[in-house]
Amino acid sequence: MPFRVDYGFLSRRLRRELKAATLTDADNMPSPPYVNGTNRVAVTNLPTPDYYHYPWVALESVTRTHPGGVLVVWPDGQHLECHPLWLRENCPGPDGINPLSKENDLDVTDLDIASRVSNAFLEAGALVVEFTPEARRATFHPGWLRHVADGVHHPFSLLPNPKPWTTRDLQIPPTHNGSSVLEDDEALANWLHDLLETGLARLTCLPRDSHVVELVGRRIGALRDSNFGVTWHVSVDLDPNSTANTNARLPAHSDLPSRETPPGFQLLHCLENTVNGGQSTMTDGLAVIKHLQVEEPDVFRCLTNLKWTFFNRDANHDHRWTGPVIDKGDGRIPWTFRAFHPVRGFPAMSQHEIGDSYYSMQRLGEIANSSEFQIRYELEPGDLVAFDNRRILHGRESFNSQEGTRQLRGTYLDADEVYSRMRVLRRAIMAREQSLGLSNTMEDEDD
Ligand SMILES: [Fe+2]
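Chemist: Account for the overall build of the protein, naming residues and giving values.
Modeler: Regarding its fold elements, the protein presents ten helices and 23 strands. Taking all 447 residues of the protein together, 38% fall into the buried category. Residue pairs at least 24 apart in sequence account for 74% of intrachain contacts in the protein once pairs closer than 6 positions are excluded.

Chemist: So what about the sheet that holds strand β6 (residues 116-123)? Which residues, and what values?
Modeler: Here three strands make up an open sheet; going across it, the order is β6-β7-β8 and the pairing antiparallel. Unpaired on one side and paired on the other, β6 and β8 (136-140) mark the two borders of the sheet. For this sheet, the mean inter-axis angle between neighbouring strands, taken without regard to orientation, is 20°. Across seven bridges, the pairing between β6 and strand β7 (residues 126-132) is antiparallel. Counted as the bridge partner of A120 is V129 from β7.

Chemist: Residue-level account of unusual backbone geometry, with values.
Modeler: Geometrically, the link from T132 to P133 is a cis peptide bond, its omega value of 5° lying close to zero. Mapped onto the secondary structure, P133 falls in the loop between β7 and β8. Here the phi dihedral of C205 falls at roughly 65°; this positive angle occurs in a residue that is not glycine. Note that C205 resides in the loop between β10 (200-204) and α6 (212-220). Under the C-beta neighbour-count criterion, C205 is labelled partly exposed, with 13 such atoms within 10 Å.

Chemist: Lay out the confidence of the model for the protein with the relevant residues and their values.
Modeler: Here the protein averages 86 in pLDDT, and 86% of its residues register 70 or above. Contacts for the low-pLDDT stretch residues 17-41, under 50 throughout, to residues beyond four places or in other chains number 61 contacts. Residue range residues 439-447 is modelled with pLDDT below 50. Its contacts to residues more than four positions away, or to other chains, number 23 contacts.

Chemist: Can you break down the pairing of strand β16 (residues 318-324) residue by residue, with the values?
Modeler: Note: strand β15 (residues 307-313) against β16, seven bridges, orientation antiparallel. Bridged to W308 within β16 is G323.

Chemist: Before we move on, could you go through the sheet that holds strand β9 (residues 175-177) and cite the residues and values that matter?
Modeler: Pairing within the open sheet is mixed, and its six strands lie in the order β9-β10-β21-β13-β23-β11. Only two strands of the sheet have a single neighbouring strand rather than two, namely β9 and β11 (231-234). Each neighbouring strand pair of the sheet contributes to a mean axis angle of 25°, computed without reference to strand direction. When β9 meets β10, the two strands line up parallel, connected through three bridges. When the bridges of β10 are listed, T175 appears paired with R202. Seen against the sheet, helix α5 (residues 185-198) touches β9, β10 and β21 (384-388) and runs at an angle of roughly 145° to β10.

Chemist: Report on helix α9 (residues 351-368), specifying residues and quantitative values.
Modeler: Each turn of an α-helix holds 3.6 residues, which means side chains three or four residues apart point in the same direction. The end-to-end C-alpha separation of α9 is 26 Å, in line with the 26 Å expected for 18 residues at 1.5 Å each. Within α9, the full set of buried residues consists of S357, S360, L364, I367 and A368. Buried residues of α9, seen end-on, are gathered within an arc of 90° and therefore sit on one face of the element. Residues of α9 that are exposed and point more than 90 degrees away from the buried face comprise Q351, G355, Q362 and E366.

Chemist: Give me the lowdown on the nonpolar core, citing residues and values where you can.
Modeler: The biggest cluster of nonpolar side chains holds 67 residues, and the ones touching the most others in it are W191, L192, L200, L384, A386 and V418. It is α5 that provides the largest number of residues to this core, a total of seven residues. Not counting chain neighbours up to four residues away, the residues in contact with A386 comprise L195, L200, A201, F265 and L267. Core analysis: the next-biggest nonpolar cluster, separate from the first, contains 24 residues, L46, A58, V72 and V117 among them.

Chemist: Please set out the packing of helix α8 (residues 297-305) against α9 residue by residue, giving values where relevant.
Modeler: Where α8 meets α9, the closest approach of the two axes is 9 Å, and the angle between their N-to-C directions is 110°. Taken together, the axes of α8 and α9 lie roughly perpendicular to each other. Contacts between α8 and α9 involve V299, C302 and L303 from the former and D356, S357, S360, R363 and L364 from the latter. Taken together, the residues of the contact of α8 with α9 break down into four nonpolar, two polar and two charged.

Chemist: Quick one: what's the story with the environment of D314, residue by residue and with numbers?
Modeler: Here D314 is to be found in the loop between β15 and β16. Residue D314 is classed as exposed on the basis of its 11 C-beta neighbours within 10 Å. Along the backbone, D314 and N227 are 87 residues apart, and their C-alpha atoms lie at a distance of 9.3 Å.

Chemist: Mind laying out the environment of V418, listing which residues take part and the relevant values?
Modeler: Counting through the fold element by element, V418 comes out in helix α10 (residues 415-435). Considering only alpha carbons, one finds V418 and G217, 201 residues apart in sequence, at a separation of 9.5 Å. For V418, the residues in contact, after removing those within four places along its chain, are L192, L196, I220, G264, F265 and L413.

Analysis parameters
- Residues numbered from 1 in each chain as written.
- Predicted model: local features only at pLDDT ≥ 70, side-chain atom pairs only at ≥ 80, totals over all residues.
- Helix = DSSP H or I, 4+ residues; strand = E, 2+ residues; numbered from the N terminus.
- Buried ≥ 20, exposed ≤ 12 C-beta atoms within 10 Å, placed from the backbone.
- Contact = placed C-beta atoms within 7 Å.
- Pairing = 2+ DSSP bridges.
- Axes fitted to C-alpha atoms, helices over the stretch in contact; angles between N-to-C directions.
- pLDDT = per-residue confidence, 0-100.
- Expected span 1.5 Å × (residues − 1).
- Arc of directions from axis to C-beta.
- Core = buried A, V, L, I, M, F, W, Y, C linked by C-beta atoms within 7 Å.
- Parallel < 35°, antiparallel > 145°, perpendicular 65-115°, else oblique.
- Nonpolar A, V, L, I, M, F, W, Y, C, P; charged D, E, K, R; others polar.

As structure tokens, then:
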């Protein structure tokens, strides 16, 4: 009878993805102990170069390859070819992976470039190799090798897949309870899951204190400072240093395109809102990209190729960067939108391309602010909305500042902080599963 993991605290989507991401079936657990070099250790304690607890995925076979490495194969046909120098670098122990830091102690200039595998065999499903000319034996955790074979080591492998949306799919931000996210890691995991998948997610029922945005941000990771401060206000200023601090309409835009790497995520916490107007708007840049690629490829080409110089300048700062309005990055995420007319200064293109660039930006604005792509909602006191600043184009309607007060408190985080927190939360969930001695043959109640 299979064990059952209690994933009831997680959203249905996160549970499904965890099920898919879990590496293997612990039913293959061999009988410890076995020989690892000169030390006899239990297989469950076999060190790996990181802090994950890998399920035991016993190997079926190993064969040596031409460059002196090995090819390992699992019973389900999955396989991994291991170069001898990469294997040697990842040997546990001295001049290899430090058992405390779990990082590589071997400087590449000290690596014997002639290292080859002279012998390879399996012990209890683990890979054992002997290196020449060093006369060193090392044992590799088959679960760790499997996570490489499955590509789980790639940067985006443990993160939710972004799902582009339009107003047909989404009318309000995915919404979670703010108090729970402040106190509970599982609630935090569910909120971050929606944030990464949808690009935005809202918290409600938070205290209306000015320090709350910092508390929520630090639940995720380090906050990103800027010339506006670690946290900053959004309200009508008599002497504004940003268009945000006026009562003007802000069309769909992204913040700080004047930086080499604009902030990955932004949090906005509403402290007070008694004005008429000022509704918040959000547009999914990924959906706009998909639309442009199919319907207006010439516009898409201009937006991704023609560059502008953006700037933030005040009495004490002078930030500048040159880039396209849509930066394709690595082709997945982050796509980086550089879209904010108040800080777009100078065309960095030939004269004959400038007209096409203006037309393309105009089409982007018309699409991003259209009812097909842009949602519009009220930001209530105590609400906090988080969004991917490089993917989601945010904005607000104009409002009458004579009739009331609208005060927000904001902060930025680099995308790395959000990604890291999501991975660590998932690691804790997987470790909990294994510490309970449960297999990964989870019975998903949604199935
Ligand atoms: Fe903004």
